[in-house]
Amino acid sequence: MTDHRERGVDAGQWTSGGIERDLVLTDADFARIRELIYLRAGIVLAEHKREMVYSRLAKRLRHYGITRFTDYLTRLERQPDAKEWEAFTNALTTNLTAFFREAHHFPLLAEHIKQQQTPVTIWCSAASTGEEPYSIAMTLLETLGPKAAQAKVIATDIDTDALSKARAGIYPLEQVRKLDEVRVKRFFQKGTGGHAGLARIRPEVSSLVEFLPLNLLAPQWPVKGPFDAVFCRNIMIYFDKDTQAKILKRFAPLMKPDALLFAGHSENFSYISDAFKLRGQTVYTLAKR
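So, how was this worked out
Residues numbered from 1 in each chain as written. Predicted model: local features only at pLDDT ≥ 70, side-chain atom pairs only at ≥ 80, totals over all residues. Heavy atoms only, no water. Axes fitted to C-alpha atoms, helices over the stretch in contact; angles between N-to-C directions. Helix = DSSP H or I, 4+ residues; strand = E, 2+ residues; numbered from the N terminus. Parallel < 35°, antiparallel > 145°, perpendicular 65-115°, else oblique. Contact = heavy atoms within 4.5 Å. Nonpolar A, V, L, I, M, F, W, Y, C, P; charged D, E, K, R; others polar. Buried < 20%, exposed > 50% of the residue type's maximum accessible area, 1.4 Å probe, protein only. Pairing = 2+ DSSP bridges. Right-handed = clockwise from strand over helix to strand, strands pointing away. Salt bridge = Lys/Arg side-chain N within 4 Å of Asp/Glu carboxyl O. Patch = residues over 30% accessible without salt bridge, like charges linked within 9 Å, V, L, I, M, F, W, Y side chains within 5 Å. Areas by Shrake-Rupley, 256 points an atom, 1.4 Å probe, with all protein chains shown as cover. Core = buried A, V, L, I, M, F, W, Y, C linked by side-chain atoms within 4.5 Å.

Draft legend 1. Quick peek at the packing of helix α2 (residues 27-41) against helix α5 (residues 84-91). Packing of α2 against α5 brings their axes to within 11 Å, and their N-to-C directions diverge by 105°. Here α5 runs roughly perpendicular to α2, going by the angle between their axes. Residues Ile33, Leu36, Ile37, Arg40 and Ala41 of α2 pack against Trp85, Phe88 and Thr89 of α5. Here the residues of the contact of α2 with α5 sort into 6 nonpolar, 1 polar and 1 charged.

Below, the structure is given as structure tokens:
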């Protein structure tokens, strides 16, 4: 099955699950895409991501009326500063997220920020469509009360489309209803009329969050510490070990001596960097204070 499908792709068309492929994606094109997204964003695309690459970039080819990935990639490479690079990167970025995902992190964050004597600043380095930074902001409001107004969440992501959705702060009501009722009533406004079925983050939550585009591979980051906590969850898995080590090395000087670094449930930084030590379940502190 796999061999038939791959040959079909190279021939220009193939059928899988009743879907007709009309664009030409060769082995060389796929290898080229993998190299370009690695150089651009540090993302390591596995071999089995070929179908995902096809489906996500197909929209860009059709937008330009191009039928061969080769032509699209050549046009892209000829214009290193073209706006299309942003669309290319956005298309290949994964944005799987949820409110209070990995729930065990938030009571620990609450306990940590209670102890701080100065206004709290937190960096959410993979903000995606906003669920994570808004969950952090809700935790600030629940923990600090009126003092939360002095706190700040810097939320960054390489995907500018995702950041636009995050800034809007509007989500399907079904997604919001997964939260407990108290949080839904306190932190969301239910849509009516043309917005029925949607919920919007309340201004007292969104006002705590500043969204910025940021490529973790960029030589300069538009953020300044020191931070009380850094969330870097479920993004390192897309980077190779060398890239992970470089990013962790850059996090360390941006953090306060007692700051916390939150990782994703399937990420382990203990064997990548000696700048951090494990404090608890996927939570790290600086090794040297």
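Draft legend 2. The pairing of strand β4 (residues 152-157), seen in detail. Among the 6 residues that make up β4, 5 are buried, leaving the element largely enclosed by the rest of the structure. When strand β3 (residues 121-124) meets β4, the two strands line up parallel, connected through 4 bridges. Bridge assignment links Thr121 to a residue of β4, and that residue is Lys152. For the crossover that starts at β3, traverses helix α7 (residues 131-144) and ends in the parallel β4, the hand is right-handed. Looking at chain direction, β4 and strand β8 (residues 209-213) are connected through 5 bridges and run parallel. Bridging from a neighbouring strand, Val153 pairs with Val209 of β8.

Draft legend 3. Spatial organisation of unusual backbone geometry. Note the cis peptide between Gly225 and Pro226, where omega equals 0°. With respect to the element layout, Pro226 can be found in the loop between β8 and β9 (227-232). A positive phi is found at Ser128, a non-glycine position, where the angle reads about 50°. Mapped onto the elements, Ser128 comes out in the loop between β3 and α7. The residue Asn234 is not glycine, and still its phi comes out positive at about 60°. Residue position: Asn234 is located in the loop between β9 and α12 (241-251).

Draft legend 4. The arrangement of the pattern of salt bridges in detail. Taken as a whole, this structure holds 13 salt bridges when the rule is applied. Close ionic contact of Glu77 with Arg32 constitutes a salt bridge, the shortest N to O distance being 2.7 Å. Pair noted here: Glu77 is in helix α4 (residues 69-78) and Arg32 is in helix α2, with a separation of 45 residues, a long-range link. For the salt bridge of Arg34 with Glu47, the shortest nitrogen-to-oxygen distance reads 2.7 Å. A residue pair is termed long-range when its members are at least 10 positions apart, and Arg34 in helix α2 and Glu47 in the loop between α2 and α3 (50-64) qualify at 13 residues. The class of Glu47 is exposed, set by a relative accessible area of 57%.

Draft legend 5. Summary view of a nonpolar patch on the surface. A cluster of nonpolar side chains, namely Tyr38, Leu39 and Val44, defines an oily patch on the protein surface of about 270 Å² accessible area. In this fold, Tyr38 is placed in helix α2. Looking at Tyr38, the relative accessible area reads 30%, which means it is partly exposed.

Draft legend 6. The arrangement of the sheet that holds strand β7 (residues 198-201) in detail. One open sheet accounts for 3 strands, arranged β5-β7-β6; its pairing is antiparallel. Sheet topology places β5 (170-172) and β6 (188-190) at the edges, where each strand pairs with a single neighbour. For this sheet, the mean inter-axis angle between neighbouring strands, taken without regard to orientation, is 35°. Where β6 meets β7, 3 bridges bridge the pair, whose relative direction is antiparallel.

Draft legend 7. Highlighting the nonpolar core. Ile33, Phe88, Trp123, Phe251 and Leu261 are the most contacted members of the largest nonpolar core, which totals 51 residues. Elements supplying a minimum of two residues to this core: α2, α3, α4, α5, β9, α12, β10 (255-263) and β12 (283-286). Top element by residues in this core is α3. It accounts for 6 residues. Excluding anything up to four places from it in sequence, Leu261 contacts Val230, Cys232, Leu248, Phe251, Met255, Phe269, Phe276, Thr282, Val283 and Tyr284. Residues Ala155, Leu173, Leu208 and Val283 belong to the second largest nonpolar core, which totals 38 residues.

Shape descriptors only; they carry no functional weight alone.
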